[in-house]
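Single-letter residue listing:
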Amino acid sequence: MSAFICMTCGTQFAPTDEPPSACPICLDERQYIGPDGQQWTTLHALADEHRNRVEEQEPGLLGVGTEPSFAIAQRALCVDGLLWDCITLLDEDTSNALEEAGGIHTIAISHPHYYSAMVAWAERFDAQVLLHEADRQWVMYPSERIEFWSGERHHISDQLELVRLGGHFDGGTVCLWRAGAEGRGALLSGDIVTVVADRDWVSFMYSYPNMIPLSAGEIQRIRDIVAALEFDRVYGAWWNTVVVDGAKAKVLRSADRYLKALAGR
Ligand SMILES: [Zn+2]
Ligand SMILES: [Zn+2]
């Protein structure tokens, strides 16, 4: 039996003798099947040709991403024993580096595109996985380590809180890290709030690869939630996707720009 991994989204499935017939996450209109059709790999095969880079993003915050890039190519973040979002590859060097930095007690994930190998990571670090219950149907590797939370906010510690924004996925979650940005607060946003090429702006989409926007009602709802949060920096899903400062105002003005575009300029 192998826990097969979809090569397009990086999701690891529960162990089976044969590869699964399809990847529901990639069949969904928010993702896609690559030009060569559905491809599968395993953690073992992935480790042959890839390694992880672990790099400090600011004091207390580590980034962890795979090189050369794999699947959606997100980099995870590690702060105060929380792994925010997850990646597929987990090898000895990565485990050792993160153990040295204090280990991982909790894994929280913004949305199903980054569920990746969350169960393998949780088992390695003896951690629990926090997912929003609205996205329960997208879990491809059930585990007793997964705890579904519900509602709009989930307190992890005095410094860390999960906030449901929805949008890209019903359970789309961001994480507020109060000590981030030298105490002004940082929002770890995955691609629920996505930092765009001009890093003074963000966007919000139903599908990024297929460029399907969200409705005005959804953007307004997200804007109202963000307006009640205190933060000055946003860490998006990939290396260097960071709004370095003044981020709250930049997220709000990005929502306003989006609403203006939908209304017709
Ligand atoms: Zn997939
Ligand atoms: Zn996504």
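As a reminder, the structure under discussion sits directly above these lines.
The sections below set out a description of the structure shown in this document.

**What to know about the overall build of the protein**
So, step 1. Each helix and strand counted, the protein has 6 helices and 19 strands in total.
So, step 2. Going through the 265 residues of the protein one by one, you find that 55% of them count as buried.
So, step 3. Partitioning the intrachain contacts of the protein with sequence separation of at least 6 by distance along the chain shows that 54% fall at a separation of at least 24.
So, step 4. Carbon and sulfur atoms make up 48% of the accessible area of the protein, which totals about 11200 Å².

**Quick word on the coordination of the zinc ion (ligand 1)**
So, step 1. Here the zinc ion (ligand 1) is held by Cys6 (SG), Cys9 (SG), Cys23 (SG) and Cys26 (SG), and the distances to it run 2.3 Å.
So, step 2. Viewed at the metal, the 4 donor atoms of the zinc ion (ligand 1) are separated by angles of 105 to 117°, and the geometry they form is tetrahedral.
So, step 3. Overall, the relative accessible area of 0% leaves cysteine 6 in the buried class.

**With respect to the packing of aromatic side chains**
So, step 1. Enumeration over the complete set of coordinates arrives at 4 aromatic pairs.
So, step 2. Between the aromatic rings of phenylalanine 13 and tryptophan 40, the centroid separation amounts to 5.2 Å while the plane-to-plane angle is 90°, which identifies the pairing as edge-to-face. Of this pair, phenylalanine 13 sits in the loop between β1 (5-6) and α1 (24-27) while tryptophan 40 sits in strand β2 (residues 40-41); the two residues are 27 residues apart in sequence, bridging distant segments of the chain. A single burial state applies to phenylalanine 13 and to tryptophan 40, both of which are buried.
So, step 3. Seen from their ring centres, tryptophan 138 and phenylalanine 169 are 5.9 Å apart, and the 90° between their planes marks the pair as edge-to-face. A residue pair is termed long-range when its members are at least 10 positions apart, and tryptophan 138 in the loop between β8 (128-132) and β9 (146-149) and phenylalanine 169 in the loop between β11 (160-164) and β12 (173-177) qualify at 31 residues.
So, step 4. Residue classification places tryptophan 138 among the buried residues on the basis of a relative accessible area of 11%.
So, step 5. Overall, phenylalanine 169 belongs to the buried group, its relative accessible area being 2%.
So, step 6. Note that arginine 53 overlies the ring of tryptophan 239, its terminal NZ or CZ placed 4.0 Å from the centroid.

**Regarding the environment of tryptophan 121**
So, step 1. Secondary-structure assignment places tryptophan 121 in helix α4 (residues 118-125).
So, step 2. Only 3.0 Å separates the side chain of tryptophan 121 from the backbone oxygen of isoleucine 87, close enough to count as a polar contact.

**Quick look at the coordination of the zinc ion (ligand 2)**
So, step 1. Here the zinc ion (ligand 2) is held by His111 (NE2), His113 (ND1) and His168 (NE2), and the distances to it run 2.1 to 2.2 Å.
So, step 2. Along the chain, the residues donating to the zinc ion (ligand 2) fall in the pattern H-x1-H-x54-H.
So, step 3. Note on histidine 111: relative accessible area 1%, which makes it buried.
So, step 4. Assessed through its relative accessible area of 3%, histidine 113 is described here as buried.

**A word on the pairing of strand β18 (residues 233-236)**
So, step 1. Both faces of β18 are covered, namely the face carrying Arg233 and Tyr235 and the face carrying Val234 and Gly236.
So, step 2. Alignment of strand β13 (residues 186-190) against β18, held across 4 bridges, turns out to be parallel. Counted as the bridge partner of leucine 187 is valine 234 from β18.
So, step 3. Of the pairings in the sheet, the one linking β18 to strand β19 (residues 242-243) comprises 2 bridges and is antiparallel in character. Counterpart to tyrosine 235 in the pairing with β19 is valine 242.
So, step 4. Counted between consecutive antiparallel strands, the loop separating β18 from β19 contains 5 residues, among which asparagine 240 sits at a positive phi close to 70°.

Thresholds applied
Residues numbered from 1 in each chain as written. Chains lettered and ligands numbered in written order. Predicted model: local features only at pLDDT ≥ 70, side-chain atom pairs only at ≥ 80, totals over all residues. Heavy atoms only, no water. Helix = DSSP H or I, 4+ residues; strand = E, 2+ residues; numbered from the N terminus. Buried < 20%, exposed > 50% of the residue type's maximum accessible area, 1.4 Å probe, protein only. Contact = heavy atoms within 4.5 Å. Areas by Shrake-Rupley, 256 points an atom, 1.4 Å probe, with all protein chains shown as cover. Donors = N, O, S within 2.8 Å, 3.2 Å for Na, K, Ca; no water. Tetrahedral: all angles 85-135°; square planar, octahedral: opposite > 155°, others 65-115°. Phe/Tyr/Trp six-rings, centres within 6.5 Å; stacked < 30°, edge-to-face > 60°. Lys NZ or Arg CZ within 6 Å of the ring centre and 35° of its normal. Polar contact = N/O pair within 3.5 Å; in protein donor to acceptor, adjacent residues only side chain to side chain. Pairing = 2+ DSSP bridges.

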